[in-house]
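A closer look at the structure
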Amino acid sequence: MTPEPSQSPANPQSPSPGASEARFRKLIESNADGMLVVRSDGTIRYANPAATSLLNRSATELVGRFFGIPILAGETTEIDLPFRDGKVVVVEMRVVETEWEGEPALLASLRDISDRKILEEELRQKIAELAVADQRKDEFLAMLSHELRNPLAPILNAVHIMRLRGDDQVLRERMRDIVEQQVRCMARLVDDLLDVSRITRGKIQLRLEPVSATALIQRSIETVRTQLAAKSHELHVTLPDEPVRIWADPVRLEQVMNNLLNNAVKYTDKGGRIDVAAEVDGDDVTIRVKDDGIGIDREMQEAIFGLFTQVDHSLARSQGGLGIGLTLARNLVQMHHGSLVARSDGPGRGSEFVVRLPISKEAIKADVPPPPPPLPTPGASRRVLVVDDNLPSADSLSLIIKLWGHECRVAHAGPDALEEAAVFRPDVILLDIGLPGMDGYQVAQELRGRPGSAEVVLIAMTGYGREEDRRRTREAGFDQHLVKPLDLDDLERLLAHIGEPGGLGHPSIRS
Ligand code: ADP
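Residue numbering note: each chain is counted from 1, following its sequence as written. Predicted model: local features are reported for residues with pLDDT of at least 70 only, side-chain atom pairs are reported and counted for 80 or more only, and whole-chain, interface and lining totals are derived from all residues. Excluded from the side-chain calculation are hydrogens and water; included are all heavy atoms of the structure.

**Points about the layout of surface pockets**
Quick reminder of the rule: Of the two site types, the cavity is a set of points on a 1 Å grid over the protein atoms alone where a 1.4 Å probe fits but cannot get out, and the pocket is an open set with protein on both sides within 12 Å along at least five of seven lines, each lined by residues with an atom within 4 Å of a point. Grid points are joined across faces, edges and corners, and a volume is the space filled by probe spheres set on the points. Lys, Arg, Asp and Glu make up the charged group, whereas Ala, Val, Leu, Ile, Met, Phe, Trp, Tyr, Cys and Pro make up the nonpolar group; the residues left over, Gly among them, are polar.
Of the voids in this model, the second largest pocket is the one considered here, and its volume is about 390 Å³. L55, R57, L62, R65 and L81 are, among the 14 residues lining the second largest pocket, the residues nearest its centre. Its residues assigned to classes, the lining of the second largest pocket comprises 9 nonpolar, 2 polar and 3 charged.

Have a look at this one:
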């Protein structure tokens, strides 16, 4: 691209400057890069055809004009050349010294690098996207292992109870239900994950049949009865009098309804109100699941249907789940030629999810199965309060404690625990650390500051067992730090020896 010294007119040994310059001209004339010869005062002396097309000017327009861009020999610069049509050409300019018509001059070679620049920018964006995807993958894996670990504690507890009281038929059935429920929960997670991958690859096949919309809604409601009762929610159901029949895959639509109902239960504080209403609207049936819970920010009302999107990841608000449910639900409804949208007046003002599905002709009447039988409550000697927001964990642990002969109550949140402690006056509180709203450390500190609860034995239950975690619970006023899943033999021994010499707690412990 730049002239060889022997070919250059700058070479003082050259026998004939005119012939040499002609050779030089020829050489740069045919160069694919734009070539400009610029005098030291900045005027252009020569432009080759590639330069005229790159600069969109004829040679006559260029030669004799001032070259507006400062140039220095030995330098490489990038120049953005804006054109009238809005296009910007990025040019790489290299400059060397030369001689032109017997005078010192500069030779600037111009190369269009716009395409390379576009590729570089695309590559930069791709790398940034990959970094974000990598971070989301890490977050997702952390969340997934947490979600898979959650059901394990109640399963272990139930197995332990069955070992202790395998002869008690009612208890055995109750424990079997817990195991079944938790295994289903794990299986659902795995299924959801597989469904997501199938849906994104268009691999889900619907098994369509005539389905009664009302029966479907009623079946879904039955599957959330336990969760509704555990959070003392009020449920109101309004179904159309006339039969409503849709052409659908009942398993898939139940999955949609279960997700919406589960979310309504999860994202509504205790004692909330949930309304499920179905009505015929022209050729469609609309099914509304409405709650008076935490609500959704306007900007998030569409985003929550995106994969792995959760409004609040924090420990306090985390209710379990992977942020997959709504993505699946919307996709499944759309596969039924319907739609699913979310509405909310904002945080704290409840949410409404509306499913719209096309109606097919006839209707089916549904039977509602009877509610599950109530739990037995054995007597006790020590008063134990179990505080855990994971309901099956709290439920099964409290049963074990009762079987050991103690009296046990359960609270699912910090403020409830404080209230229960004041009324129940427990000897021991088994306190989960990651609680919604007010965490276990805050509850412990508050209890230690209260005259009535200053002496209570406080046992922390947590997933973290590092020395710094143990120091933190000690500083918050806990007497003992147990790592989940709890070693039940250890716990039984701890509770049995509370208040005794060598055991936990104050000697004046009530019995
Ligand atoms: P998950 O519940 O497992 O996080 P979903 O896809 O079902 O996943 O829901 C995504 C997010 O949408 C939830 O994390 C929550 O932030 C929000 N959301 C869903 N349903 C409700 C509801 N009824 N009220 C408030 N927020 C909700």
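**Overview of the pairing of strand β10 (residues 284-291)**
As a reminder of what qualifies: For two strands to be treated as a pair, DSSP must find no fewer than two bridges joining them. We count a stretch as a helix when DSSP gives it H or I for four or more residues in a row; a strand needs E for two or more, and each element gets its number in order from the N terminus.
Sheet topology note: the strand β9 (residues 273-281)/β10 ladder contains 8 bridges and is antiparallel. Bridge pairing in β10 links E279 to T286. Between the end of β9 and the start of β10, which pair antiparallel, lie 2 residues, with G282 showing a positive phi angle near 65 degrees. In terms of strand pairing, β10 meets strand β12 (residues 351-360) through 8 bridges, oriented antiparallel.

**Details of the sheet that holds strand β15 (residues 428-432)**
Whether parallel or antiparallel, the strands of a sheet pair through hydrogen bonds between backbone atoms. Put simply, the test is: Angles run from 0 to 180 degrees between N-to-C directions of axes, and those axes are lines fitted to C-alpha atoms, restricted for helices to the stretch in contact. The contact definition used throughout considers only heavy atoms, calling two residues in contact when any of these lie within 4.5 Å.
Judged by pairing direction, the sheet is parallel, and its 5 strands sit side by side in the order β14-β13-β15-β16-β17 without closing on themselves. On the outer flanks of this sheet lie β14 (407-411) and β17 (480-483), each paired with one strand and no other. Taken over all neighbouring pairs, the strand axes of this sheet differ in orientation by 20 degrees on average, direction set aside. When β15 meets strand β16 (residues 457-462), the two strands line up parallel, connected through 5 bridges. Note on β16: the bridge partner recorded for D432 is M461. Along the sheet, helix α11 (residues 391-403) contacts β13 (383-387), β14, β15 and β16; its crossing angle with β14, the most-contacted strand, is approximately 170 degrees.

**As for the environment of M162**
We apply this condition: Buried means the residue's accessible area, taken with a 1.4 Å probe over protein chains only, is under 20% of the maximum for its type, while exposed means over 50%, and partly exposed covers the values in between.
Summarising the element assignment, M162 is placed in helix α5 (residues 152-164). A residue is classified by how much of its surface remains accessible, and M162, at 27% relative accessible area, is partly exposed. Residues M162 and E173, spaced 11 residues apart in sequence, show a C-alpha to C-alpha distance of 9.3 Å. Once residues lying within four places of it in the same chain are set aside, the contact partners of M162 are R172, M175 and V179.

**What about the sheet that holds strand β3 (residues 76-82)?**
Across the sheet, which stays open at both edges, the 5 strands sit in the order β2-β1-β5-β4-β3 with antiparallel pairing between neighbours. Bordering the open sheet on either side are β2 (44-47) and β3, each of which pairs with just one other strand. In this sheet, neighbouring strand axes are inclined to one another by 30 degrees on average, regardless of whether the strands run parallel or antiparallel. Here strand β1 (residues 34-39) runs beside strand β5 (residues 103-112); their pairing, made up of 6 bridges, is antiparallel. Bridging from a neighbouring strand, V38 pairs with L106 of β5.

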